[in-house]
Amino acid sequence: MTLSGKTAVITGSNSGIGLGIAIELAKAGADVVLNSFTDRPEDHAIADGIAQDHGVKARYIQADMSKGDQCRALIEQAGACDILVNNAGIQHVCPIDSFPVDKWDAIIAINLSSAFHTTAAALPVMRKAGWGRVVNIASAHGLTASPYKSAYIAAKHGVVGLTKTTALETAEEPITANAICPGYVLTPLVEAQIPDTMKEYDMSREDVIKNVMLKRQPSKEFATVEQMGGTTVFLCSDAAAQITGTTISVDGGWTAL
Ligand code: NAD
């Protein structure tokens, strides 16, 4: 399929799932706008590399997704936004009664409120263009819970709710809104946790992956950033034009348990 002529804005896309999605959208022909809160030469180099490898326009725009005005400015600076992928996210693990208030506020702002602000700014742009796709990266934790991740789970359940409301408000237009719910994906962030967990449990790498990290993922395999990208490209295809307001789990069976 070709997304040539479409512009995709992907929040939090200088690494991990966001970058994987940007690359798959570029492979499908879309121009891409990458984002994070940093403004380093390497951030811009990632965009230049995508442009060179896939023959599309690619730009990096710095914007802090914890700040509503910067979320909205990102869409304005992008100049076009046919495809909006709300991906930026952080995590903090702690019991509720000692959960730091600043971490709660940051997680709700970056993982949930940013999607409200970017969607609010992007919908008028999509309406003007006569076509749009909103793809929110939620989580298996948008559908189920685990202890000690209260802010993340509240935010991701919120993202699923926001997705449904966005879909209903655009239902009679050529715009769809859906959420992808990944299980464990082997991103640099997750990879970095393996050595510490090996030490903590005195386990081999294989045992940590299978029996600790993927304990709730029946396939016992990580999902990949390419699969998140491929699912996003599918949601942008004509075949998905009547798929709206729903979640697609890419979690090796986690939520079937
Ligand atoms: P990651 O840390 O590699 O990516 C997070 C991205 O968000 C980075 O590009 C980071 O720079 C960006 N970001 C963080 N704070 C930001 C801010 N204030 N403003 C702008 N950008 C900011 O992690 P990832 O694993 O690729 O996660 C991406 C998304 O996928 C997150 O929403 C996460 O909750 C979700 N997710 C990840 C997994 C997993 O197993 N890796 C599973 C389910 C859902």
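All figures in this text were calculated on a predicted structure; none of them were measured in a lab.

A. Summary view of the overall build of the protein. Looking only at helices and strands, the protein features 9 helices and 7 strands. Rg of the C-alpha trace for the protein: 18 Å, near the compact-globule value of 18 Å for 257 residues, within the 12% margin. In terms of its C-alpha atoms, the protein occupies a principal-axis envelope of roughly 55 × 35 × 35 Å. Counting all 257 residues of the protein, 50% fall into the buried class.

B. The site of the ligand, seen in detail. Neighbouring the ligand are 30 residues; Asn14, Ser36, Asn87, Tyr152 and Val185 lie closest to it. Between Met65 and the ligand, the recorded distance is 2.8 Å, taken from a backbone N or O atom to a nitrogen atom. A distance of 2.9 Å separates an oxygen atom of the ligand from a polar side-chain atom of Lys156. Coverage of the ligand by the protein chains reaches 90% of its 820 Å² of free accessible surface. When contributions to the shell around the ligand are tallied by element, the ones reaching two or more residues are helix 1 (16-27), strand 2 (31-36), helix 5 (150-169) and helix 6 (188-191).

C. Structural context of the packing of aromatic side chains. Counting across every chain of the model gives 2 aromatic pairs. Ring centres of Phe99 and Trp104 lie 6.5 Å apart, and the angle between their planes is 85 degrees; this geometry places the pair in the edge-to-face category. When its relative accessible area of 10% is taken as the criterion, Phe99 is described as buried. What makes Trp104 partly exposed here is its relative accessible area of 33%. Both rings, one in Tyr184 and one in Phe222, keep their centres 6.3 Å apart while their planes meet at 75 degrees; by these two values the pair is edge-to-face. With Tyr184 in the loop between strand 6 (175-182) and helix 6 and Phe222 in the loop between helix 8 (205-213) and helix 9 (225-235), the pair connects residues that are 38 residues apart, well separated along the chain. Among the residues examined, Tyr184 registers a relative accessible area of 23% and is labelled partly exposed.

D. Spotlight on the domain arrangement of the protein. Taken domain by domain, the protein holds domain 1 (7-184 + 224-252) and domain 2 (186-222). The gap between the C-alpha centroids of domain 1 and domain 2 is 25 Å. Counting the surface lost from both domain 1 and domain 2, the interface buries some 830 Å², and carbon and sulfur atoms represent 52% of this. Here domain 1 and domain 2 share 0 salt bridges between them. Remark: the boundary between domain 1 and domain 2 carries 4 residue pairs in polar contact (both at pLDDT 80 or more). Split by residue class, the side of domain 1 that touches domain 2 holds 4 nonpolar, 7 polar and 1 charged.

E. Seen up close, the environment of Ala106. If you trace the backbone, Ala106 turns up in helix 4 (residues 101-129). For Ala106, a relative accessible area of 24% translates into the label partly exposed. On a C-alpha basis, the gap between Ala106 and Gly89 in space is 9.6 Å, while along the polypeptide they are 17 residues apart. The residues contacting Ala106, other than those within four sequence positions of it, are Ile90 and Asn111.

F. Representation of the nonpolar core within the structure. Counting residues in hydrophobic clusters, the biggest one holds 33 residues, and the most contacted among them are Leu25, Val32, Ile50, Ile83, Val85 and Met228. Ranked by residue count, the leading element in this core is helix 1, at 6 residues. Leu25 has contacts with Leu3, Ala8, Ile10, Ala30, Val32, Ile83, Val85, Thr232, Val233 and Cys236, leaving out every residue within four places of it along the chain. The next biggest cluster of nonpolar side chains, apart from the first, holds 21 residues, and it includes Val9, Cys81, Ile175 and Ala177.

G. Representation of the packing of helix 4 against helix 5. Packing of helix 4 against helix 5 brings their axes to within 8 Å, and their N-to-C directions diverge by 15 degrees. With respect to their mutual orientation, helix 4 and helix 5 come out roughly parallel. Crossing hand, helix 4 versus helix 5: right-handed. Contact residues: Trp104, Ile107, Ile108, Asn111, Leu112, Ala115, Phe116, Thr119, Leu123 and Arg127 in helix 4; Ser150, Ala151, Tyr152, Ala154, Ala155, Lys156, Gly158, Val159, Leu162, Thr166 and Glu169 in helix 5. The residue inventory of the contact of helix 4 with helix 5, partitioned by class, reads 13 nonpolar, 5 polar and 3 charged.

The rules behind each value
Residues numbered from 1 in each chain as written. Predicted model: local features only at pLDDT ≥ 70, side-chain atom pairs only at ≥ 80, totals over all residues. Heavy atoms only, no water. Helix = DSSP H or I, 4+ residues; strand = E, 2+ residues; numbered from the N terminus. Rg over C-alpha atoms; globule rule 2.2 N^0.38 Å. Buried < 20%, exposed > 50% of the residue type's maximum accessible area, 1.4 Å probe, protein only. Near = heavy atom within 4 Å. Polar contact = N/O pair within 3.5 Å; in protein donor to acceptor, adjacent residues only side chain to side chain. Areas by Shrake-Rupley, 256 points an atom, 1.4 Å probe, with all protein chains shown as cover. Phe/Tyr/Trp six-rings, centres within 6.5 Å; stacked < 30°, edge-to-face > 60°. Domains from an automatic or database assignment. Buried area = accessible area lost by both parts, 1.4 Å probe. Salt bridge = Lys/Arg side-chain N within 4 Å of Asp/Glu carboxyl O. Nonpolar A, V, L, I, M, F, W, Y, C, P; charged D, E, K, R; others polar. Contact = heavy atoms within 4.5 Å. Core = buried A, V, L, I, M, F, W, Y, C linked by side-chain atoms within 4.5 Å. Axes fitted to C-alpha atoms, helices over the stretch in contact; angles between N-to-C directions. Parallel < 35°, antiparallel > 145°, perpendicular 65-115°, else oblique. Left-handed = near helix turned anticlockwise from the far one by under 90°.

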